[in-house]
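Topology and contacts: notes
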Amino acid sequence: MTQPGGPRVVAVGGGHGLAASLRAARLYAGELTGIVSVADDGGSSGRLRRQMGIVPPGDLRKCLVALADDHALLAQIFEHRFESEADELTGHALGNLILAELMAAAGDVQQGLDEAARLLGAHGRVVPAASEPVVLKASSDQGDIEGQTAVMGTTHIQQVSVIPADAVAPPAALVALAEADQIVIGPGSLFTSVLAALAVPGIAQAIRAASGRTLYVANLRPQPAETEGFDVADHAAALVAHGVVVDTVVADTTAIALGPLAVPVVEGPLAKANGLAHDPVKLAAALAGLVG
C-alpha cells in the first residue's frame, strides 16, 4: 500500500527490475507511477504484439502485479503461464491475454491498463513509455542490430534508439515525470529495458526538465553480452550518453565493481538472500532517504 502524504515517485524501466523498484517505492510513496518500456519482441509479448498490433503486455503485466493489492487473487492468476494446454496458448501468461483484450476492448492502451489496475487493486499507475509498440535499435561494433531479443545478445553497444524515431511518449508519462518528487531509473537490463524506455523521444527530455531528484539503481552484476565487463560507473556513463544525468547512484557492489563516478553514490546491501534480485524492503530504505 502507498503511504498517505508520501512523495510522488515515478520509476522508469522495464521487466523484473522495474517491478522491483515499484515494490520498493510503494512502501514509502504517496503517489506512484511506473513508466514501462514497450520494446519487447520475444515470447508471449512478442506473439501478441505481432498478432494484434498492440504494445507488448509482458512488462506492463509484471508492473501491475508489483502494484497489486497484497491479497489480490487476480494478481496470482495474472502470472499463470500455460504450459501443456492447446498449442495456441502454450507459453502465454494469462495476464498478457487479459491485458491484450482489455486494451483492445477499450480501444486505448492507457484506458485498458487503468482498468486492469482497478481490477487488481493496484497501488499506483502503470503507463507505457510510448503510445505504440517500438523496435529497439542498437549501434554496436557488430553494426546496427534491430529488435530487443537480438540486442540482448549483442556486445559493445554504443547507443540505442527506437523505431519509429518519432514515437510519442504518452501525456500521462510526461505529466507524471514533471510532477514527481523522485524519479527512480532501473534496475534492469541496461540497454534493453532501462534505455529502451529512455530512448523514446520525450522521456529523457522530461527527466532532464523535472525538478524531482533523479536516482539510478544499478544492477547487482554485469549482464552477459549486453553489459559484460561493465562496472557501475559504466552503467551511469551509458545514461549520460543517452541524455540523462542522475543526481545519485544507488548500488550494491557485492558482485559488481563501482568504478569512478562523477555523482554521489549510496552503497549498501540491497540484494535478497539469494543475491539474484533486489530486496524491496532494503531498496525502499535506501530510496526513501533520498527524496527531495
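Relevant structure appears above.
Residues numbered from 1 in each chain as written. Predicted model: local features only at pLDDT ≥ 70, side-chain atom pairs only at ≥ 80, totals over all residues. Heavy atoms only, no water.

Before going further, it helps to examine the sheet that holds strand E4 (residues 135-140). The strands that make up a sheet pair up through hydrogen bonds in the backbone, lying either parallel or antiparallel. Strand order in the open sheet formed by 3 strands is E5-E4-E6, and the pairing between neighbours is antiparallel. Strand pairing shows two members of the sheet lacking a second neighbour, strand E5 (143-146) and strand E6 (157-163), which therefore form its edges. Looking at each pair of strands side by side, their axes are set apart by 20° on average, direction ignored. Strand direction decides the pairing type here: E4 and E6, joined by 6 bridges, are antiparallel. If you follow Lys 137 over to E6, its bridge partner there is Ser 161. Sitting on the sheet, helix H9 (residues 190-198) is in contact with E4 and E6, with an inclination near 50° to E6. (Pairing = 2+ DSSP bridges. Helix = DSSP H or I, 4+ residues; strand = E, 2+ residues; numbered from the N terminus. Axes fitted to C-alpha atoms, helices over the stretch in contact; angles between N-to-C directions. Contact = heavy atoms within 4.5 Å.)

Right, let's get into the pattern of salt bridges. If you walk through the whole model with that rule in mind, you get 6 salt bridges. The salt bridge partner of Arg 61 is Glu 79, with a shortest N-O separation of 2.6 Å. Pair noted here: Arg 61 is in helix H3 (residues 58-67) and Glu 79 is in the loop between helix H4 (73-78) and helix H5 (94-106), with a separation of 18 residues, a long-range link. In this structure Glu 79 comes out as partly exposed when scored by relative accessible area, which is 38%. Note that Arg 125 is salt-bridged to Asp 114, the shortest N-O span being 2.8 Å. (Salt bridge = Lys/Arg side-chain N within 4 Å of Asp/Glu carboxyl O. Buried < 20%, exposed > 50% of the residue type's maximum accessible area, 1.4 Å probe, protein only.)

This part covers the packing of H5 against helix H6 (residues 109-120). Where H5 meets H6, the axes come as close as 7 Å, and the angle between the chain directions of the two elements is 130°. Our classification of the angle between H5 and H6 gives oblique. Every pair of crossing elements has a handedness; the one defined by H5 and H6 is right-handed. Residues Leu 99, Leu 102, Met 103 and Ala 106 of H5 lie in contact with H6, whose contacting residues are Val 109, Gln 111, Gly 112, Leu 113, Glu 115, Ala 116 and Leu 119. (Parallel < 35°, antiparallel > 145°, perpendicular 65-115°, else oblique. Left-handed = near helix turned anticlockwise from the far one by under 90°.)

A few words now on the packing of H9 against helix H11 (residues 232-241). Between H9 and H11, the shortest axis-to-axis distance is 11 Å and the interhelical angle comes to 30°. Taken as axis vectors, H9 and H11 run roughly parallel relative to one another. Of the two possible hands of crossing, H9 and H11 adopt the one that is right-handed. Residues Leu 190, Phe 191, Val 194, Leu 195 and Leu 198 of H9 form the contact with H11, whose participating residues are His 235, Ala 238 and Leu 239. Taken together, the residues of the contact of H9 with H11 break down into 7 nonpolar, 1 polar and no charged. (Nonpolar A, V, L, I, M, F, W, Y, C, P; charged D, E, K, R; others polar.)

Turning our eyes to something else, we now look at the layout of surface pockets. Taken as a whole, the largest pocket spans an internal volume of roughly 830 Å³. What lines the largest pocket is a set of 33 residues, and nearest its centre among them are Gly 15, His 16, Gly 17, Gly 188 and Ser 189. Those elements that provide at least two residues to the lining of the largest pocket are helix H1 (15-25), H3, helix H7 (148-152) and H9. With 6 residues, H1 is the single largest residue contributor to the lining of the largest pocket. For the lining of the largest pocket, the residue count by class is 11 nonpolar, 14 polar and 8 charged. (1 Å grid on protein atoms, 1.4 Å probe; cavity = no way out; pocket = protein on both sides within 12 Å on 5 of 7 lines; lining within 4 Å. Points joined across faces, edges and corners; volume = space filled by probe spheres on them.)

The residue Asp 252 is located in the loop between strand E9 (248-251) and strand E10 (265-267) in this model. One buried charged side chain, Asp 252, makes no salt bridge at all; its nearest oppositely charged neighbour is Lys 282, positioned 6.8 Å away. A distance of 2.6 Å separates a polar atom in the side chain of Asp 252 from a polar atom in the side chain of Thr 254. A distance of 3.3 Å separates the side chain of Asp 252 from the backbone nitrogen of Ala 271, its partner in a polar contact. In this structure, Asp 252 is in contact with Leu 220, Gly 268, Pro 269, Leu 270 and Ala 271, ignoring residues within four places of it in sequence. (Lys, Arg positive; Asp, Glu negative; His and termini not counted. Polar contact = N/O pair within 3.5 Å; in protein donor to acceptor, adjacent residues only side chain to side chain.)

Before going further, it helps to spend a moment on the packing of aromatic side chains. Going through the model one piece at a time under the given rule, you end up with 1 aromatic pair. Summarising the aromatic geometry, the rings of Phe 191 and Phe 230 are spaced 6.2 Å apart at their centres and angled 80° between planes, so their arrangement reads as edge-to-face. Of this pair, Phe 191 sits in helix H9 while Phe 230 sits in the loop between strand E8 (213-217) and H11, and the two are 39 residues apart along the sequence. (Phe/Tyr/Trp six-rings, centres within 6.5 Å; stacked < 30°, edge-to-face > 60°.)

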